[in-house]
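The lines below spell out each chain.
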Amino acid sequence: MPADDIRPYVLGRSRAKISTLGLFALAALSVGLAQCSGPGGSGNTVPKPTSSTTATPLPSPSGSASPSPSGSASPSPSGSASASASPRASGSPSSAPSGTPSASASPSPTPTTRPSPTPSPSPSPSPAQEVYVTTLGTNCSNSILTVYPANPSGTLNETPLATILASNTTGLCDPYGVAIDRSGKIYVANNGVNSLTVYAANPMGTLNQAPLATIAGQNTGLNIPTGIAVDASGNIYVANPGNAAGGGSVTVYAANPSGTLNEAPLATISGGSTGVASPKGVAVAADGKIYVANAFFNPPSVTVYAANPSGTVNGAPLATITGASTGLYFPNAIAFDASGNIYVANPLGGSFIGSITVYAANPSGTLNEAPLATIVGASTGLNVPTGIAVDASGKIYVTNSGNGSGTSITVYAANPSGTLNEAPIATITGNATGLIGPVGIAIH
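Residues numbered from 1 in each chain as written. Predicted model: local features only at pLDDT ≥ 70, side-chain atom pairs only at ≥ 80, totals over all residues. Heavy atoms only, no water.

### Comments concerning the overall build of the chain
For the chain, the count of helices and strands is two helices and 30 strands. For the chain, the proportion of its 444 residues judged to be buried stands at 48%. Taken as a whole, the chain presents about 18,900 Å² of accessible surface, with 54% of it coming from carbon and sulfur. (Helix = DSSP H or I, 4+ residues; strand = E, 2+ residues; numbered from the N terminus. Buried < 20%, exposed > 50% of the residue type's maximum accessible area, 1.4 Å probe, protein only. Areas by Shrake-Rupley, 256 points an atom, 1.4 Å probe, with all protein chains shown as cover.)

### Observations regarding unusual backbone geometry
A positive phi is found at isoleucine 224, a non-glycine position, where the angle reads about 55 degrees. Examined against the element boundaries, isoleucine 224 turns out to sit in the loop between β9 (213-216) and β10 (228-230). Residue classification places isoleucine 224 among the buried positions, given a relative accessible area of 0%. One non-glycine residue, asparagine 256, lies in positive phi territory at about 55 degrees. Structurally, asparagine 256 can be placed in the loop between β12 (249-253) and β13 (259-261).

### Things to note about the state of the cysteines
Taken as a whole, this structure holds one disulfide when the rule is applied. Paired through a disulfide, cysteine 140 and cysteine 173 show a sulfur-sulfur distance of 1.5 Å. Between cysteine 140 and cysteine 173, the S-S torsion sits near 50 degrees, and that sign places the bridge as right-handed. Of the two residues, cysteine 140 is situated in the loop between β1 (130-135) and β2 (144-149) and cysteine 173 in the loop between β4 (162-165) and β5 (175-180); the sequence distance between them amounts to 33 residues. For cysteine 173, a relative accessible area of 9% translates into the label buried. (Disulfide = S-S within 2.5 Å.)

### With respect to the packing of aromatic side chains
Overall, the coordinates contain one aromatic pair when judged by the stated rule. With a centroid separation of 4.9 Å and an interplanar angle of 75 degrees, the aromatic rings of tyrosine 291 and phenylalanine 336 are classed as edge-to-face. Of the two residues, tyrosine 291 sits in strand β16 (residues 290-294) while phenylalanine 336 sits in strand β20 (residues 333-336), which places them 45 residues apart along the sequence. Comparing tyrosine 291 with phenylalanine 336, the two get one shared label, buried. (Phe/Tyr/Trp six-rings, centres within 6.5 Å; stacked < 30°, edge-to-face > 60°.)

### Re the environment of cysteine 140
In this structure cysteine 140 comes out as partly exposed when scored by relative accessible area, which is 24%. Considered as a pair, cysteine 140 and glycine 171 are 31 residues apart in the sequence and their alpha carbons are 9.6 Å apart.

### Here we look at the sheet that holds strand β27 (residues 408-412)
Here five strands make up an open sheet; going across it, the order is β3-β29-β27-β26-β25 and the pairing mixed. Every interior strand has two partners, whereas the edge strands, β3 (154-156) and β25 (385-390), have only one. The sheet shows a mean angle of 15 degrees between the axes of neighbouring strands, direction not considered. Direction of pairing for β25 relative to strand β26 (residues 396-400): antiparallel, over a ladder of five bridges. (Pairing = 2+ DSSP bridges. Axes fitted to C-alpha atoms, helices over the stretch in contact; angles between N-to-C directions.)

### As for the pattern of salt bridges
Evaluation of the coordinates by the stated rule reveals three salt bridges. The salt bridge involving lysine 185 is made with aspartate 181; its shortest N-O contact spans 3.2 Å. Of the two residues examined, lysine 185 and aspartate 181, each falls in the buried class. Residues aspartate 287 and lysine 289 are paired through a salt bridge, measuring 2.8 Å at the closest nitrogen-oxygen approach. On the basis of relative accessibility, which here comes to 40%, the residue aspartate 287 falls in the partly exposed class. (Salt bridge = Lys/Arg side-chain N within 4 Å of Asp/Glu carboxyl O.)

### Details of the side chain of asparagine 346
Tracing the chain through its elements places asparagine 346 in strand β21 (residues 342-346). By relative accessible area, asparagine 346 is classed as buried at 0%. At a separation of 3.0 Å, a polar atom in the side chain of asparagine 346 contacts the side chain of threonine 357. If we ignore the near neighbours within four places in the chain, the residues touching asparagine 346 are Gly327, Leu328, Tyr329, Phe330, Pro331, Gly354, Ser355, Ile356, Thr357 and Pro385. (Polar contact = N/O pair within 3.5 Å; in protein donor to acceptor, adjacent residues only side chain to side chain. Contact = heavy atoms within 4.5 Å.)

### Description of the pairing of β9
Where strand β7 (residues 195-199) lies against β9, four bridges are found, and the strand directions are antiparallel. Considered in β9, the bridge of valine 198 is made with alanine 213. For β9 and β13, the ladder comprises three bridges, and the chain directions are parallel. Directly across from alanine 213, in β13, lies its bridge partner glycine 259.

### Quick notes on the sheet that holds strand β19 (residues 319-322)
Spatially, β15-β16-β17-β19-β23 is the arrangement adopted by the five strands of the open sheet, whose pairing is mixed. Two strands lie at the open edges of the sheet, namely β15 (279-284) and β23 (365-367), each paired on one side alone. Within the sheet, the average angular offset between the axes of one strand and its neighbour, ignoring direction, is 15 degrees. Two elements, strand β17 (residues 301-305) and β19, share four bridges in a ladder whose sense is antiparallel. Considered in β19, the bridge of valine 302 is made with isoleucine 321.

Structure follows, in structure tokens:
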């Protein structure tokens, strides 16, 4: 890939504000081997899971014509007179009060003495997971957020389920990282205007609506935001690489923002002791620990911090993954599987195609060990992988921001091990998808 093509995607900002970082990255690449993201589609909609029929039948509602399982003339389980009950002594309905004994061998319970029980409600089917993707485009005017059904297979070129357009109304401008909270609300880090925007859950169709909340302004500490994550309590974590190579911060904001906010963050992780260095990606593990992908390659690293920080933090991380053996190269995004294993998208390396590296859960100390798995090679379809997410079944979704035919989302089987150079199980790509330089990805 020509150097001019790497810079807009790896640096996540094709604007002058990040020129210092871009020049640094290009200089380092020319000396070394010779490119962008952010932590929950196709028209072939995968059927939403439906409730399995239980082996034990539910009681029939009142008046049900279903015979009792034994076929006997005993009363129906609902307590009301069964339509298939024993014949009455008279061929016409009895005019006697309900207390009059029935000529039936097994008297029917009086319909008026107690109401039929309400049938047990069937459980609602769980909603199918969906894939949320941010696309930088070429400038704010054509960058978008798109939504696709999860579990694609094969090669898909179909329109997204939903599209949020970049405009003055929506506040999208160079959207980079994306995260989804437990209620389904959508959080986007807007790299082009130093803001975070929040949108209502479950968008459908094409939307040009104002966000539920916007965090922006000098007090927020936002500085070219890229990665974004939301913890179980709804607190918001943002990776800010800033303008200077090797600087930057992680800023934390209170849950459930509304309106327009220009307030200082609850916490800021920044300073030489933290190991934060041009952070591009951030993710929060199930135990609340904060994982940061530091793209500054002197050397690149993943650093881990204690849960629930407050104030200004300039202390050593709990753990650091770094070193030549790790396979990290300009790490850009982080995700976890259900076991807590750590997945990292590396836009460079692997003959400049990029790679995905996987590490064991709960690291401690400083680690320079080979990853559990590496996905790399021409057969994988990786092309400057910038964003990564893992679905509930463990499948791995990657955004590829490379130019031309390399612009795609590729999907890989769960639980990789060793070094893999295999074709993805699915690829979302083509003009109909709206993907033009996809970077951030989240699943919900």
